[in-house]
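Below are the chains, spelled out letter by letter.
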There are 2 protein chains.
Amino acid sequence: MHCWKRSRRSLRVHVQLWRRRARFREEVHSALSGPGDFYTALNQSLETAPRVAVATIVRTRGSSPREVGARMLVRPDGATDGTVGGGCGEAEVWRAALEVMQDDQPRMVVVDLTNEIAMSTDGVCGGIIDIFVEPWHKNGTNLASGVLDAVQRHRLVATATVVSRSRGMPIALGEKLLIVDGQPHGGAFSWSALQARVLADAPSVVAQGQSQSRTYKFDELDKPEVAGQVGVFFDLALPRPRLVIVGAGHVAVPIAEVGRLLDFEVVVIDDRPSFANAERFPGADRIIVDDFATALDGIEITPSTYVVLVTRAHTHDVHALRRIVRKPAGYIGMIGSRRRVYAVFKLLQQEGVPLEDLLRVHAPIGLDIKTETPGEIAVSVGAELLKARRGGGAASMSDLLRPQYRYSLSKGDADI
Amino acid sequence: MHCWKRSRRSLRVHVQLWRRRARFREEVHSALSGPGDFYTALNQSLETAPRVAVATIVRTRGSSPREVGARMLVRPDGATDGTVGGGCGEAEVWRAALEVMQDDQPRMVVVDLTNEIAMSTDGVCGGIIDIFVEPWHKNGTNLASGVLDAVQRHRLVATATVVSRSRGMPIALGEKLLIVDGQPHGGAFSWSALQARVLADAPSVVAQGQSQSRTYKFDELDKPEVAGQVGVFFDLALPRPRLVIVGAGHVAVPIAEVGRLLDFEVVVIDDRPSFANAERFPGADRIIVDDFATALDGIEITPSTYVVLVTRAHTHDVHALRRIVRKPAGYIGMIGSRRRVYAVFKLLQQEGVPLEDLLRVHAPIGLDIKTETPGEIAVSVGAELLKARRGGGAASMSDLLRPQYRYSLSKGDADI
């Protein structure tokens with residue numbers, strides 16, 4: 001492969017290390033692909049080495065052998081873990097990583113493979129790849145373990161890193177901010193105006209679900225001396241979202257199927273083993289046979305938890321909703337007629353649940369689309385789950401009814 | 001069962017016929033449940049009998065042993081086909097049917113089973129059931145064969161029958177209007193004002209997909225001498241809707257799964273046998289390996305046909321869309337970026353396709369919800385199919401872009 005050869009030819013002093021690296025890669029090659037995999041490897045490396053370098057693809061133009069967010073960890077002895085593209089420029093990046101460990105200066109390596117398209121036999125090289133190479137220290141911030149901890153607790157984790165900046169911008173390359181469930185959770189940018197804009201942007205990055213670079217422009221109106229722009233790379237470590245289906249009746253079956261199509265981890269709860277079983281829910285990741293309140297108490301409700309209440313009775317809805325309505329679920333939806341929903345809301349309001357917590361519930365469940373069958377309800381619910389996760393403007397039934405619920409609950413109406 | 005006994009006790013002169021009927025039911029019992037099943041049986045009966053009676057449940061209140069639309073066909077010898085509720089009042093209906101065949105007068109039989117709840121052991125009796133009993137004649141209108149013909153051609157068929165009216169309303173009980181794909185297609189109401197209102201109402205009845213009665217009020221402002229109301233029963237014979245997926249790539253696979261959840265008949269088309277095959281589409285009802293235009297020419301496009309264009313290339317989209325854009329499909333959706341869609345529209349506009357036909361196409365496909373994976377696209381498309389079939393206000397991507405496409409296509413812009 002041409003690009004590989006060219007890069008390797010430019011290696012002179014590092015030939016020996018490179019060979020050792022090649023052997024190491026054969027022994028311990030990891031894709032570092034799961035959320036937390038990279039940070040586990042990073043933490044382990046920092047136990048034995050005072051400093052390592054990490055190379056991350058932060059932007060690509062044209063075809064690229066690896067996607068944005070792909071990473072290679074380089075240890076002081078030149079051993080690597082992960083890859084940023086194999087032959088296509090990786091040797092150049094590896095050399096930069098060794099230098100970064102020497103001078104402790106983060107830097108961007110721009111690998112331009114556009115001249116190699118014609119000669120590349122497998123066609124995977126070809127574009128321009130921006131790779132940010134930075135040092136991580138044993139005694140630096142504990143950001144890596146902070147990320148790992150948050151990932152293990154099933155949180156939405158975004159690590160924002162300054163990867164480029166115009167000359168004179170009041171921030172250093174490599175500054176990091178850890179954002180967990182939308183809140184700052186470790187590290188900080190030395191420039192508060194940038195931090196504010198990055199925090200405001202984080203939810204839309206998380207909704208897209210793809211690690212990515214964003215550019216923040218500061219014009220002269222903001223502050224004349226800092227006009228220019230800053231490139232920030234958002235590295236996401238998102239858990240697989242979890243769909244908790246409360247009630248295992250006939251509507252739950254196709255909802256579980258839609259959840260699987262949307263790649264949710266599907267959990268089904270019912271107190272009737274004749275309903276909550278693997279025959280009825282072959283695609284479910286977990287089936288819990290227990291009373292609804294107990295089962296829900298055993299599930300951590302985080303912003304990546306999506307709860308669908310489709311129990312067989314009003315009273316079960318109340319018990320279940322009471323357990324979760326004030327928790328930070330990414331989504332809570334409840335099936336039921338307009339009036340049944342109102343009765344549940346009113347009861348919980350009387351128990352002291354704040355109005356705004358109740359009005360977060362998507363009830364009646366589903367988008368503003370008419371449905372006749374369980375399969376149709378499931379597709380409408382699936383589209384609503386998708387909207388909650390990714391964003392979008394398609395109206396929900398609850399969007400239409402919320403003003404009326406707010407008005408009637410505020411007035412204390414007995415019925416709606 | 002109590003209600004059965006009570007009804008049977010009231011039978012006096014018909015005991016012998018009733019016994020013969022009971023034997024007949026054991027021999028040839030049919031649920032008459034599929035679209036057209038009833039009309040097939042009706043046509044067959046009218047070949048041998050000059051006149052038969054048909055009893056139809058047109059309304060229920062409270063629990064009922066059979067649903068609205070359930071029917072029993074009664075022949076002159078008392079033999080029956082189908083059932084309107086077994087023991088619960090059926091004997092009473094059967095007796096009325098024999099009378100209807102004598103005096104040729106349609107009538108409503110109201111079966112009140114509310115007093116029998118406590119005594120009914122199986123709990124299926126209980127409500128109030130309105131059953132319309134009417135004669136059908138061998139030499140009458142050919143409505144029955146008209147329905148059968150339309151059903152066989154995969155059309156949306158609604159038969160509207162006047163089943164009740166206030167005294168003095170200028171229309172007779174039993175008048176019928178056949179509505180096919182939303183248009184009058186046989187029979188007629190003798191009162192044009194009623195016919196206009198029934199035709200205007202038909203699309204929403206078809207969207208609900210359930211046979212049902214609706215009441216039309218005419219107040220004195222309309223015409224003082226005809227103030228009152230008319231009850232019309234809409235009997236639906238709807239084909240299973242058909243989803244034609246044009247292109248068998250990676251997005252088509254989950255779209256086929258969603259189509260199955262929505263109970264569509266799923267047809268997949270591609271010119272590559274390595275993509276269009278039963279391994280990839282285990283739930284498809286039909287897989288066609290042929291070039292897109294030829295395959296589409298072989299499929300009748302009716303208002304119950306839903307076409308999703310997800311081919312691998314712009315040129316295939318153009319070929320496929322050209323074949324169907326002016327046909328009366330219930331839905332046409334096309335995947336693609338905002339600009340790719342514009343390019344396809346512009347090309348077809350230049351070939352002479354009217355703007356309004358192009359703007360009926362749901363493109364870019366899907367609701368206004370962000371998507372990242374094939375499964376997510378499929379759920380968004382499924383929700384859009386559902387909206388097209390059943391109705392609803394959730395916005396589509398094409399709803400947002402239509403004004404811009406209309407403007408740019410009208411102006412002749414090269415790009416958007």
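Residues numbered from 1 in each chain as written. Chains lettered and ligands numbered in written order. Predicted model: local features only at pLDDT ≥ 70, side-chain atom pairs only at ≥ 80, totals over all residues. Heavy atoms only, no water.

Visitor: How should the sheet that holds strand β14 (residues 305-309) of chain A be read in this particular structure?
Guide: Hydrogen bonds along the backbone pair up the strands of a sheet, which may run parallel or antiparallel. Residue and element names in this part refer to chain A. Pairing within the open sheet is parallel, and its five strands lie in the order β13-β12-β11-β14-β15. At either end of the open sheet lies a strand with only one pairing partner, and these are β13 (286-289) and β15 (331-334). Neighbour to neighbour, the strand axes of the sheet diverge by 15° on average, direction disregarded. Across five bridges, strand β11 (residues 242-246) lies against β14 in parallel orientation. The residue of β14 that forms the bridge with V244 is V307. Along the sheet face, helix α9 (residues 314-324) touches β11, β14 and β15 and points at about 160° away from the line of β14. (Pairing = 2+ DSSP bridges. Helix = DSSP H or I, 4+ residues; strand = E, 2+ residues; numbered from the N terminus. Axes fitted to C-alpha atoms, helices over the stretch in contact; angles between N-to-C directions. Contact = heavy atoms within 4.5 Å.)

Visitor: I tried to follow helix α6 (residues 192-208) of chain B on my own but got confused; where do I start?
Guide: For an α-helix, the turn length of 3.6 residues means that residues three or four places apart are oriented alike. Residues and elements named next belong to chain B. The first and last C-alpha atoms of α6 sit 25 Å apart over 17 residues, in line with the 24 Å expected at 1.5 Å per residue. A maximum bend of about 35° is found in α6 at A202, where proline P203 lies one to four positions downstream. Within the span of α6, buried status applies to L194, Q195, V198, D201, A202, V205, V206 and A207. (Expected span 1.5 Å × (residues − 1). Bend = angle between axes of the 7 residues up to and from the residue. Buried < 20%, exposed > 50% of the residue type's maximum accessible area, 1.4 Å probe, protein only.)

Visitor: Sorry, what's going on with the pattern of salt bridges here?
Guide: Side-chain pairing between opposite charges can occur once the charged atoms of the two side chains come close. Counted according to the given criterion, the structure contains 60 salt bridges over all chains. Note that R66(B) is salt-bridged to E67(B), the shortest N-O span being 3.4 Å. A relative accessible area of 46% places E67(B) in the partly exposed class. A salt bridge links R323(B) to D297(B), with the shortest nitrogen-to-oxygen separation between them at 2.4 Å. On the criterion of sequence distance, the pair formed by R323(B) in helix α9 (residues 314-324) and D297(B) in helix α8 (residues 292-297) is long-range, its members being 26 residues apart. By relative accessible area, which is 43% here, D297(B) ends up partly exposed. Taken together, the shared-partner salt bridges in this structure form one network comprising D270(A), D271(A), R272(A) and R312(A). (Salt bridge = Lys/Arg side-chain N within 4 Å of Asp/Glu carboxyl O.)

Visitor: How do you make sense of the interface of chain A and chain B when you look at a structure like this?
Guide: Contact residues are listed per partner, giving 29 residues for chain A and 29 residues for chain B. Summing both sides of the interface, chain A and chain B together bury roughly 2,400 Å²; the carbon and sulfur share of this comes to 64%. Where chain A meets chain B, there are six salt bridges. The interface formed by chain A and chain B holds 12 residue pairs in polar contact (both at pLDDT 80 or more) in total. Considering each element in turn, the side of chain A that touches chain B owes the most residues, 10 residues, to helix α12 (residues 374-390) of chain A. Looking at side-chain class alone, the side of chain A that touches chain B contains 11 nonpolar, nine polar and nine charged residues. (Buried area = accessible area lost by both parts, 1.4 Å probe. Polar contact = N/O pair within 3.5 Å; in protein donor to acceptor, adjacent residues only side chain to side chain. Nonpolar A, V, L, I, M, F, W, Y, C, P; charged D, E, K, R; others polar.)

Visitor: Looking at this model, I keep getting lost on the packing of helix α10 (residues 338-350) of chain A against helix α13 (residues 397-411) of chain A. Mind explaining?
Guide: For any two helices packed against each other, the geometry is given by the interaxial angle and the distance between the axes. Residues and elements named next belong to chain A. Following both chains from N to C, one finds α10 and α13 inclined at 45°, their axes separated by 11 Å at the closest point. In terms of axis orientation, α10 runs oblique to α13. Two packed elements cross with a definite hand, and for α10 against α13 that hand is right-handed. Facing R338, V341, Y342, F345, K346 and Q349 of α10, the residues of α13 in contact are L401, Q404, Y405, S408 and L409. Among the residues making up the contact of α10 with α13, the classes are represented as six nonpolar, three polar and two charged. (Parallel < 35°, antiparallel > 145°, perpendicular 65-115°, else oblique. Left-handed = near helix turned anticlockwise from the far one by under 90°.)

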